[in-house]
Amino acid sequence: MNSSSSENSLLSWGLLTILTLIWGSSFILIKRGLEVFTPGEVGAYRMVAAASLLLPLSLPRIKNLNKTQIKNLLISGLLGSFIPAFLFPMAQTQLSSSLTGVLNALTPLFVVVVGALFFDAKITRRNLLGLIIAFAGVIVLVAYKEGGGWSSLSGINSYALFVIAACICYSFNLYVIKTRFTKLTSIEISSISLLMILPVALMYLFAGTQFSYKMVSHPNALEALGYVTLLGMVGTGTALILFNIMVKRSGPFFASLVTYTIPIVAILWGVLDGEVLLLGHYFGIAAVILGVWVGNRKKTG
């Protein structure tokens, strides 16, 4: 291995490690934001923070786009950022941050499902097996309860559906990007899609919530704002740029490894924060990660 390829490999692994820490920490930051703000306020302000950070990148580039590109970037912003930013805090009102981080790992499998159902992509036996294993893990995670028992159907934590809905949004967004943005760079897609949803986020935040009132009346508002600002600027804005760099340098398969490492950081943060994971939860977590790996691993030989 020459020095150039060695440096490239080192940079790729460095980016993977940084993204793992950033995205794996997103769920504990959401949890901290929810101590003061509602799920809607967390989601909207996260988008405002992320879009504001990328304004120097988005504003000079938007003038070069046509109406169709702008419309598609709005769709991408809604599916890839705006809607999931609301769904995850809603889920975490009833799910621990660690379990939410694990469920987020289902995204690659939903990419396969969405592709097969709506975009004529093929679903292989390996994909199907991975789906079965992963969903078995999801059932364990949402139905297992303290004492080693199992919830009845009515007792299943339906808030996991918010995470699944977010994964589906991410999946549709991937195909929107793949089919409609062949002439745009990844930086343009990331920054301008966030710019497109900035007015919606601002209007909702200041006209549809009590965000402003809480900022002047709640004693812990500034601290919570700091956590959500970090979530938006680093967990969304900066991470999107780093991920795009990693995809270009290392390819999509290497970039997809972050799917398996994010839950580890999310679980560690949850345990450090006093969240209790029962024995059955560990089996469920293992099944989800195994299912995602089986469903997305490359065929060798």
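Residues numbered from 1 in each chain as written. Predicted model: local features only at pLDDT ≥ 70, side-chain atom pairs only at ≥ 80, totals over all residues. Heavy atoms only, no water.

### Here's the deal with the side chain of Thr236
Move 1: Looking at where Thr236 falls in the secondary structure, it is placed in helix H12 (residues 221-250).
Move 2: By relative accessible area, Thr236 is classed as buried at 7%.
Move 3: Engagement of the side chain of Thr236 in a polar contact is seen with the side chain of Arg46, the distance being 2.9 Å. (Helix = DSSP H or I, 4+ residues; strand = E, 2+ residues; numbered from the N terminus. Buried < 20%, exposed > 50% of the residue type's maximum accessible area, 1.4 Å probe, protein only. Polar contact = N/O pair within 3.5 Å; in protein donor to acceptor, adjacent residues only side chain to side chain.)

### Considerations on the packing of helix H7 (residues 107-118) against helix H9 (residues 160-180)
Move 1: H9 packs onto H7 with a crossing angle of 60° between their chain directions and a minimal axis gap of 8 Å. Classified by the angle their axes make, H7 and H9 are oblique. Crossing geometry of H7 relative to H9 is assigned as right-handed. Facing Thr107, Phe110, Val111, Val114, Gly115 and Phe118 of H7, the residues of H9 in contact are Ile164, Cys167, Ile168, Tyr170, Ser171, Phe172, Leu174 and Tyr175.
Move 2: Of the residues in the contact of H7 with H9, the class split is 11 nonpolar, three polar and no charged. (Axes fitted to C-alpha atoms, helices over the stretch in contact; angles between N-to-C directions. Parallel < 35°, antiparallel > 145°, perpendicular 65-115°, else oblique. Left-handed = near helix turned anticlockwise from the far one by under 90°. Contact = heavy atoms within 4.5 Å. Nonpolar A, V, L, I, M, F, W, Y, C, P; charged D, E, K, R; others polar.)

### What to know about the packing of aromatic side chains
Move 1: Applying the stated criterion to the full structure yields 13 aromatic pairs.
Move 2: Consider the rings of Phe110 and Phe135, whose centres lie 5.7 Å apart with planes at 90°: the pair is edge-to-face. Separated by 25 residues along the polypeptide, Phe110 in helix H7 and Phe135 in helix H8 (residues 125-143) bring together distant segments of the chain.
Move 3: Note on Phe135: relative accessible area 30%, which makes it partly exposed.
Move 4: Within the aromatic cluster, the residues linked to one another by ring pairs are Phe37, Tyr45, Phe206 and Phe211. (Phe/Tyr/Trp six-rings, centres within 6.5 Å; stacked < 30°, edge-to-face > 60°.)

### With respect to the pattern of salt bridges
Move 1: Going through the model one piece at a time under the given rule, you end up with five salt bridges.
Move 2: With a closest N to O distance of 2.3 Å, Asp273 and Arg32 form a salt bridge. Of the two residues, Asp273 sits in the loop between helix H14 (258-272) and helix H15 (279-296) while Arg32 sits in helix H2 (residues 26-33), which places them 241 residues apart along the sequence.
Move 3: Taking the relative accessible area as the measure of exposure, Asp273 reaches 26% and is therefore partly exposed.
Move 4: When the shortest N-O distance is used, the salt bridge between Lys214 and Glu41 registers 2.9 Å. In this pair, Lys214 sits in helix H11 (residues 211-217) while Glu41 sits in helix H3 (residues 39-53), placing the two residues 173 residues apart along the sequence. Neither Lys214 nor Glu41 differs from the other in exposure class; each is buried.
Move 5: Here the salt bridges share partners, and the residues they tie into one network are Lys31, Arg32, Glu35, Asp273 and Glu275. (Salt bridge = Lys/Arg side-chain N within 4 Å of Asp/Glu carboxyl O.)

### Focus: H12
Move 1: Taking 1.5 Å of rise per residue, the 30 residues of H12 would be expected to cover 44 Å, and the 40 Å separating its terminal C-alpha atoms lies within 8% of that figure.
Move 2: The largest bend in H12 comes to about 40°, at Ala239. (Expected span 1.5 Å × (residues − 1). Bend = angle between axes of the 7 residues up to and from the residue.)

### Digging into H3
Move 1: For H3, built from 15 residues, the straight-helix expectation of 21 Å at 1.5 Å per residue is met to within 8% by its first-to-last C-alpha distance of 21 Å.
Move 2: Taken together, the buried positions of H3 are Gly40, Glu41, Val42, Gly43, Ala44, Tyr45, Arg46, Met47, Val48, Ala49, Ala50 and Ala51.
Move 3: Along its buried surface, H3 packs onto H2, helix H4 (55-62), helix H5 (67-91), helix H10 (186-207), H11 and H12.

Any functional reading would require information that these geometric values do not contain.
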